[in-house]
Protein chains: 4
Amino acid sequence: MINIAVVGFGYWGPNLVRNFANTPDCKVRYIVEKDERQYTKIKNLYPGVEAVTNYGQVINDQEVDAIVIATPVYTHFQLASQALSHGKHVLLEKPMTGSVDEALKLISIAEKNDRVLMVDHTYLYTSAVKKIKQLVDDGIIGRIQYIDSTRINLGLFQRDVNVLWDLAPHDISICDYLMDEKPLAVQAVGVSHTENGIENIAYLTLFYPENRIAHFNCSWISPVKIRHMLIGGDEKMIVFNDLETTEKIRIYDKGYKLIPEDDRSDVLIDYRVGDIMIPKIPQTEALSDMAKDFVAAVSKGKKPISDFNSGLFVVSILEAASESIKNDGKKIKLA
Amino acid sequence: MINIAVVGFGYWGPNLVRNFANTPDCKVRYIVEKDERQYTKIKNLYPGVEAVTNYGQVINDQEVDAIVIATPVYTHFQLASQALSHGKHVLLEKPMTGSVDEALKLISIAEKNDRVLMVDHTYLYTSAVKKIKQLVDDGIIGRIQYIDSTRINLGLFQRDVNVLWDLAPHDISICDYLMDEKPLAVQAVGVSHTENGIENIAYLTLFYPENRIAHFNCSWISPVKIRHMLIGGDEKMIVFNDLETTEKIRIYDKGYKLIPEDDRSDVLIDYRVGDIMIPKIPQTEALSDMAKDFVAAVSKGKKPISDFNSGLFVVSILEAASESIKNDGKKIKLA
Amino acid sequence: MINIAVVGFGYWGPNLVRNFANTPDCKVRYIVEKDERQYTKIKNLYPGVEAVTNYGQVINDQEVDAIVIATPVYTHFQLASQALSHGKHVLLEKPMTGSVDEALKLISIAEKNDRVLMVDHTYLYTSAVKKIKQLVDDGIIGRIQYIDSTRINLGLFQRDVNVLWDLAPHDISICDYLMDEKPLAVQAVGVSHTENGIENIAYLTLFYPENRIAHFNCSWISPVKIRHMLIGGDEKMIVFNDLETTEKIRIYDKGYKLIPEDDRSDVLIDYRVGDIMIPKIPQTEALSDMAKDFVAAVSKGKKPISDFNSGLFVVSILEAASESIKNDGKKIKLA
Amino acid sequence: MINIAVVGFGYWGPNLVRNFANTPDCKVRYIVEKDERQYTKIKNLYPGVEAVTNYGQVINDQEVDAIVIATPVYTHFQLASQALSHGKHVLLEKPMTGSVDEALKLISIAEKNDRVLMVDHTYLYTSAVKKIKQLVDDGIIGRIQYIDSTRINLGLFQRDVNVLWDLAPHDISICDYLMDEKPLAVQAVGVSHTENGIENIAYLTLFYPENRIAHFNCSWISPVKIRHMLIGGDEKMIVFNDLETTEKIRIYDKGYKLIPEDDRSDVLIDYRVGDIMIPKIPQTEALSDMAKDFVAAVSKGKKPISDFNSGLFVVSILEAASESIKNDGKKIKLA
C-alpha cells in the first residue's frame, strides 16, 4: 500500500484523484489545493482525504510515498524537484516541464535519490494506442513511412502555453512510442490571433532518417473537432479516429510498390487495395491504467510505459518547435 | 461560333472534349494526339472531329480560333507560345506552366497578340466554391483568419511533378480566389519514398499579413481519400467537404472573441457556438461552366474567372514551395 | 423540501438516485433494495441515505413524501398502489404498468388520494425532443404526415417483456408528445429467436386519421446501434439521430406538393429541396429535468410533462401491439 | 452474334441500350419508342441503331433474336407475350408483370416456344450482392435469421404503381437470392398522401419458417436517402449500405447464443462482439453483367441468375402485399 498526494484540483486533478482512489495498493492521503472553495466538494466525494494548502506539510510527511502533480507547467520543476529531494516518487502531468534543461535536472535528481519520475502521457494507455503498438511490434503494418495527425477544435485558449505545448504532447508521445528511432530535426510554424501572441494554430513536422516523416496539425480555432491520425506502413496503413466510440482503428490493406527498373514500362508504381479490418478493442479508462502503472513502478520497481525518457522527448521536441517558430520556420537539428 | 482544337487526349483531354462539344457557340474541330490507338474511339464518339498528330497543321489552320492544351506541364510553354504567336486563343490545363518565367513570357506574348490566355482551375467553377465565394463577398463569414486544407488519397504518382504541383493548384487557386490580398511568404516541406526523389507527401504554408495563414496537406499515399477544407472567418467558419454529394458546405456559427482588458477576470476568450447551416447548392458540372467561360472570353471579351493572373499566382507559389523544400523548409518571401 | 424513497437499485435505479440527490428541494431518504451486496456501495456514495429491504417500513414512514419505483414491470402495480394508498406521490419507470387495466386502477387510486402519479418517459426531457416539440408547436414543420423510427442494437434480452415493451415506450411517448391527436388503430408483428418465445424483433405501426402514420422498428439483435427518427411534416422534415453528440437534429427544407388538377400536364408532384439547418441544442441531462418536473409536481402542483396520461397511452399501445402480434398482425382498433 | 431490340427509351431504356451496345456477341438493332423527339438523340449516340414506332415491324423481323422491354408495368404482359409468340427471347424490366396470373402465362408461353424469359433484377448483379451471396453460400454468416431493409428518399412518385411495386422488387429479389427457402406468408401496410390513393409509404414483412423474417421499409417522402440492409446470420451479421462508394459491405463478428438450460443462472443469453471486416469488392457496372447474362442465356442456353422464377417470386410477393394492404394488414398465406 502506498500513500499519495495529488497537487492541484483544477481541470485534470479530479480525474487523477478519482482514478488513484480506485487503484488497488494505493491510497490518496492529501489533496493540495489553494482554492479552499473546493474543500467541501473534496470532503463530500472523498471523506478520507485531507485537503491542505501547505505543500511543505505534505512533502515532509513521512507517510507520503508519492506526489502527483497536476498544476500549470511553469510550476512543475519546482514542485517536482522539492518532492524528489524529500524522497518522494513523482508523477507529472504532461508536458513534464517547461524546458529541456528543467527536465534533465529533474531526471538527475530522481536518479540520485533513486526515486520514480514519471509523466502522465495518458494516450499511451488507451486501448487504441496499445492495439496500434501491438500491430507495429508484430510487423503487421511493416515499417512506418509517415504519421500524420490532425488535432483541432474550438478549444480552450491556454494563457501560458501555445497550442503545440497544449495539444501536441499527445501526438509526440504516441509517435515516439510507435517509431523505432528518433527524429533528426524539427520544423514548426504557427500564428496567433490574440494580442498576447500565443499561437492558436501551429503545424509541427518531425524528420526521421530515410525520409520518414511525422506531421501534426494543431488548432484551437477549428469549427469542427477532429482527432484523426494516419500511420502509413509499407505493408498496411492505419487510421486512428479517436472520436469514434467503437471503431477507433481501421487497418487498410493498401499500399504501393516501386516496380523494379528492368520491369518498367509505362508505370513506376504498383498499387494494392484490399480489405479493411476494424479490430475490436476493449473499452477501458486509460487514466486508470496509467495510475496502475505508476503504482507498480513505485511499489514493484516496474519500468513505466510513460517514463521520464518519454517526458524528456516530448519536451525536447516542443522546445525545438518553439525555436523553429521564432526563427521563421527554420529546421532545428536535434542532438 | 468558334472553332477549337484540343491537344492531348490522355487522362483529362476527353473530359475537355466532351464539355466543349456540348458548349453552345463552340465547335471542336481537331484533337491533336500522338497515340493513334485513340483514333477509333475518337471517331466513334465524335464523328465530326478530326484527329491528327501534326500540331503545326492545327495552328496554321486559319479556321481554328482557340487551342486547349491538356498535355504534361513541361510542354505547356512551347505549345502555348506557338499557338499565341499564330494568333490563337489559349486555354491551359493547371498548372499553367512549369515556372514563373515561362508564365510571364506567355502572358507577354498573349498581351502583345491581344489573345485570351486562360488556365483551367476547374474548382473555381464548382457550385461549392462559387457559394463560398459569395458567402465571403457578402460578409457572412467575416474576415478570413485561416484556410486549412487536406487533399490526400492513394493517388497516381506523377512522373515529372511532385505532389504539390499535382494537387495543390486546386487549393492555391481557391485560396487566392477567396482572399482579398496576396501572401507575403511561402514555406514548404516534403519527402519522397521513391528512388526518383519526387515528393509524394508535402505540406505547404502561405503567410498573409496580420497572421492570416493557409496550410495545405497533400499526399499520394494516404489509405483514405480526404478532400476537406476549413475556412475560418472571424464571424463564421465554413467546412467544405468535397466528398459529400449533397452537403459539401457547412456554415458554422462558431467563434471566439477576445475579452477587452478591463473586463478580464479569469478568462481571455469568449466562445460562441450556434446553429449549423448546410446550404443547398446546385449540382452542375464545373468543367462545363469553365468551358463556357473560355468561350465567352474568346467571343465576347469577357474577363474569365480563372484568368492568367490566377495561373501565374499558382505557379509562383509552387515555384517558391519547391525552393523552400530544397532549402530545408526555409521561408521564401514573395515579391 | 420533499423526502423520497427509491425502490430498486439495479440498472436504472442508481441513475435516479444520483439525479434526485442533486435536485433542489428534494432529499433521498431511503433506497429499497433486496440485494444487500449493494449496501456498501450505497453507503459510500450516499452516506445520508438509508438502504432497507422492507418496503412496508418506507411507505409507513410519515416523513416520506414520494416513492420512485425502478423495479421490473410486473411489480409496478402492486408497489405503486400500496404507496398511493398510503398517501405517497409516485413516480414509475416506463412502461407505467403491465396492462391498461392496472394503469386505469392506479390512476383512479391516485385521483382518489389526490396524489401525483407520474411516469419516467425520459426522452420527453431531452433537449432534442424539446426542440422538436417547439418546432412542431411553432408550425415550422407544418402538419406531421408520418413518424418513422428505428431503435435497434445488440441489446440486452429482457426476461419478462418483449422488445416492444422494452424499447418502444421511447418512440410511443415521443410520438404522442408531438402528435395533436390519438391513433385510431395499432398493428404489430414480431418474432422470437429464443425458446422462451419473447419477441426480439418487432415492428409496430400506429394509424392516425387522414393517413397519418407512425412506424417503429425495434430489435435486440442488430449488429449496429441505430437511434434514428424521421418526422415528416408537410412543410419541413426533421431527422433526429440520437447517436450524434452535437448534431442530433437536422431540419430539412424538403417537400412535395400535389399539382392541382387543372395545372396537370405530365407530372403530379412538385418537389422542393432547400437548405438544411442543424440547430444548436443545449447539452443537459434529461433525467435531471425529469426529476425536477416530479419534484415540482409534488411540491407545487405543477402538471408534469410525462404525466399518467402519457403513461396510460404508452401502455394502451403496447397492450394493443401484443394483441396484434398474437393475432397474426391483425389491426387492433383503439377505443 | 444476336440482334436485339429495346422497347422504351424513357428513364431506364437508355441505360439498357448503352450496356447492350457494349456487350460482346450482341448488337442493338432497333429502339422502339413512341416519342419521336428522342430520335435525334438516338441517331447521334447510336448511328447504327434504327429508331421506330412500330412494334409489329420489330417482332416480325426475322433477324431480331431478342426483345428488351423497358416500358410501364401494365404493358409488360402484352408486349412480352407477343414477342415470345413470335419466337423472340425476352428480357423484362422489374417487376416482370402486374400480376401473378400474367407472370404464369408468360412463363408458359416461353416454355412452349422454348425461348428465354428473363427479368432485370439489376441488384443481383452488383458486386456487393454477389459478395454477400458468396458469404452466405460459404457458410460464413451461418443461417440467416432476419433481413431488414430501409429504402427511402424523396423519390419520384409513380403514377401507376405504389411505392412497394416501385422499390421493393430490389429487396424481394435480393432476399429470395439469399434465403434457402420461400416465405410462408406476407403482411403489408401502407398509406397514401396523394388524392390518387397510391401508397407512398409502405412496410412489407415476409414470414419464413422457424421465425425467420424479412422486413422492408419503403418510402418516396423521406428527407434523407437511405439504402440500408441488415442481414443477420446466427454466426455473423452483414450491413449492406449501398450509398457507400467503396465500403458497401461490413461483416460483423457479432452474435448471441442461448445458454443451455442447466447452465443458466441469471442470464439467458451470451453475447459476442468481435472484429469488423470490410471486404474489398470490385467496382463493376451491374447492368453490364446483367446484359451479359441475358446474352449468354440466349446464345449458350446458360441459366440466368435473374430468371423467370425470380421474376415470378417478386410479383407474387407484391400481389400478396397489395392484398394485405387492402385488407387492413391481414397476413396473407402464400401457396
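Just so it is clear, the model here is predicted, and its values are computed rather than measured. (Residues numbered from 1 in each chain as written. Chains lettered and ligands numbered in written order. Predicted model: local features only at pLDDT ≥ 70, side-chain atom pairs only at ≥ 80, totals over all residues. Heavy atoms only, no water.)

1. A closer look at the overall build of chain A
A tally of helices and strands in chain A yields 9 helices and 15 strands. The C-alpha extent of chain A, read off along each of the three principal axes, is 75 × 45 × 40 Å. Burial analysis of chain A (335 residues in total) assigns 62% to the buried set. Taking the contacts inside chain A whose residues are at least 6 apart along the sequence as the reference set, 66% of them involve residues at least 24 apart. A total accessible area of about 13800 Å² is found for chain A, and carbon and sulfur atoms account for 49% of it. (Helix = DSSP H or I, 4+ residues; strand = E, 2+ residues; numbered from the N terminus. Buried < 20%, exposed > 50% of the residue type's maximum accessible area, 1.4 Å probe, protein only. Contact = heavy atoms within 4.5 Å. Areas by Shrake-Rupley, 256 points an atom, 1.4 Å probe, with all protein chains shown as cover.)

2. A few points about helix H5 (residues 100–112) of chain B
All names here are of chain B. For H5, built from 13 residues, the straight-helix expectation of 18 Å at 1.5 Å per residue is met to within 8% by its first-to-last C-alpha distance of 18 Å. Those residues of H5 that fall on the buried side of the exposure criterion are Val100, Ala103, Leu106, Ile107, Ile109 and Ala110. Along its buried surface, H5 packs onto helix H4 (76–85), strand S5 (89–93), strand S6 (117–120) and helix H9 (308–326). One or two positions beyond H5, positive phi appears at Asp114, with a value near 55 degrees. (Expected span 1.5 Å × (residues − 1).)

3. Points about the pairing of strand S9 (residues 201–207) of chain D
Residue and element names in this part refer to chain D. Most of S9 is tucked away: 7 of the 7 residues are buried. Neither face of S9 is exposed, since Ile201, Tyr203, Thr205 and Phe207 on one face and Ala202, Leu204 and Leu206 on the opposite face are all buried. Two strands pair when backbone bridges link them, and strand S8 (residues 185–191) and S9 are joined in this way by 7 bridges, in the antiparallel orientation. When the bridges of S9 are listed, Ala185 appears paired with Phe207. Where S9 and strand S10 (residues 213–219) come together, 7 bridges link them in antiparallel fashion. In the strand pairing of S10, Tyr203 is matched with Asn217. Counting the residues between successive antiparallel strands, the hairpin from S9 to S10 contains 5 residues, one of them, Glu210, with a positive phi of roughly 60 degrees. (Pairing = 2+ DSSP bridges.)

4. Considering the sheet that holds strand S6 (residues 117–120) of chain C
Residue and element names in this part refer to chain C. Taken in spatial order, the 6 strands of this open sheet run S3-S2-S1-S4-S5-S6, and their pairing is parallel. In this open sheet, the two strands that pair with only one neighbour each are strand S3 (50–52) and S6. Within the sheet, the average angular offset between the axes of one strand and its neighbour, ignoring direction, is 25 degrees. Summarising the sheet, strand S2 (residues 26–32) and S3 pair through 3 bridges and their orientation is parallel. Looking across to S3, one finds that Tyr30 is bridged to Glu50. (Axes fitted to C-alpha atoms, helices over the stretch in contact; angles between N-to-C directions.)

5. Details of the relation of the copies chain B and chain A
Taken as rigid bodies, chain B and chain A are interconverted by a rotation of 180 degrees and an axial shift of 0.0 Å, the fit giving an RMSD of 0.1 Å. Each copy turns onto its partner about a two-fold axis. Minimal C-alpha distance to the rotation axis in chain B is attained by Lys330(B), lying at 3.0 Å. Comparing interface residues between copies, 100% of those in chain B also sit at the interface in chain A, which points to an isologous, same-surface contact. (Least-squares fit on C-alpha atoms with pLDDT ≥ 70 in both.)

6. Remarks on the interface of chain D and chain C
Each side of the interface is counted separately: chain D has 52 residues, and chain C has 52 residues. Buried area between chain D and chain C, both sides added, is near 4600 Å², and the carbon and sulfur share of it is 64%. Counting across the interface, chain D meets chain C through 2 salt bridges. Between Asp328(C) and Lys331(D) there is a salt bridge; the shortest N-O distance is 3.1 Å. (Buried area = accessible area lost by both parts, 1.4 Å probe. Salt bridge = Lys/Arg side-chain N within 4 Å of Asp/Glu carboxyl O.)

7. What about the packing of helix H7 (residues 163–178) of chain C against helix H9 (residues 308–326) of chain C?
Residue and element names in this part refer to chain C. Orientation of H7 relative to H9, taken along the N-to-C sense of each, is 125 degrees, at an axis distance of 9 Å. One way to sum up the angle between H7 and H9 is to call them oblique. In this structure, the crossing between H7 and H9 has a hand that is right-handed. Along its contact with H7, which presents Leu164, Trp165, Ala168, Pro169, Ile172, Ser173 and Asp176, the element H9 presents Ser310, Phe313, Val314, Val315, Ile317, Leu318, Glu319, Ala321, Ser322 and Ile325. Counted by class, the contact of H7 with H9 contains 12 nonpolar, 3 polar and 2 charged residues. (Parallel < 35°, antiparallel > 145°, perpendicular 65-115°, else oblique. Left-handed = near helix turned anticlockwise from the far one by under 90°. Nonpolar A, V, L, I, M, F, W, Y, C, P; charged D, E, K, R; others polar.)

8. Some remarks on the domain arrangement of chain A
Residues and elements named next belong to chain A. Assigned domains of chain A: these are domain 1 (2–115) and domain 2 (124–285 + 316–333). For domain 1 and domain 2, the distance between their C-alpha centroids amounts to 31 Å. Here domain 1 meets domain 2 over a buried area of about 730 Å², counting both sides, of which 56% is carbon and sulfur. When the buried surface of domain 1 facing domain 2 is broken down by residue, Lys94, Pro95 and Val100 rank first, second and third, together holding 56% of it. When the residues that make up the side of domain 1 that touches domain 2 are grouped by side-chain class, the tally is 5 nonpolar, 4 polar and 2 charged. (Domains from an automatic or database assignment.)

9. Description of the pattern of salt bridges
Counted under the stated rule, the structure contains 80 salt bridges over all chains. The closest approach of N and O atoms between Asp171(B) and Arg151(B), which form a salt bridge, is 3.0 Å. Of the two residues, Asp171(B) is situated in helix H7 (residues 163–178) and Arg151(B) in strand S7 (residues 144–154); the sequence distance between them amounts to 20 residues. Each member of the pair, Asp171(B) as well as Arg151(B), is classed as buried. Here Asp289(C) makes a salt bridge to Lys130(C), at a shortest N to O gap of 2.7 Å. Of this pair, Asp289(C) sits in helix H8 (residues 286–300) while Lys130(C) is found in helix H6 (residues 127–137), placing the two residues 159 residues apart along the sequence.

10. Describing the interface of chain B and chain A
Accessible area lost when the parts come together is the quantity often used to give the size of an interface. In this assembly, 52 residues from chain B lie in contact with 52 residues from chain A. In total, about 4600 Å² of surface goes out of reach between chain B and chain A, with carbon and sulfur atoms giving 64% of it. The three residues of chain B that bury the most area against chain A are Leu154(B), His193(B) and Pro223(B), which together make up 14% of that side's buried surface. Joining chain B to chain A, the criterion identifies 2 salt bridges.

11. What to know about the packing of helix H4 (residues 76–85) of chain A against helix H5 (residues 100–112) of chain A
Any two packed helices are characterised by how steeply their axes cross, that is the angle between the axes, and by the distance between the axes. Residues and elements named next belong to chain A. Between H4 and H5, whose axes approach to 9 Å, the crossing angle comes to 10 degrees. With respect to their mutual orientation, H4 and H5 come out roughly parallel. Along its contact with H4, which presents Phe77, Ala80, Ser81, Leu84 and Ser85, the element H5 presents Glu102, Lys105, Leu106, Ile109 and Ala110. For the contact of H4 with H5, a count of residues per class yields 6 nonpolar, 2 polar and 2 charged.

12. With respect to the environment of Val73(B)
Residues and elements named next belong to chain B. Along the chain, the position of Val73 falls in the loop between strand S4 (66–69) and H4. It is 33 Å that separates the C-alpha atoms of Val73 and Ile281, two residues lying 208 residues apart in sequence. Once you skip the residues sitting within four places of it in the chain, Val73 turns out to touch Pro95, Thr97, Gly98, Asp160 and Val161.

13. Considerations on the relation of the copies chain D and chain C
Put simply, the second copy of the chain is the first one after a rotation about an axis and a shift along it. Rotating chain D by 180 degrees and moving it 0.0 Å along the rotation axis overlays it on chain C with an RMSD of 0.0 Å. The fraction of interface residues of chain D whose copies in chain C are also interface residues reaches 100%, indicating that both copies meet through the same surface.

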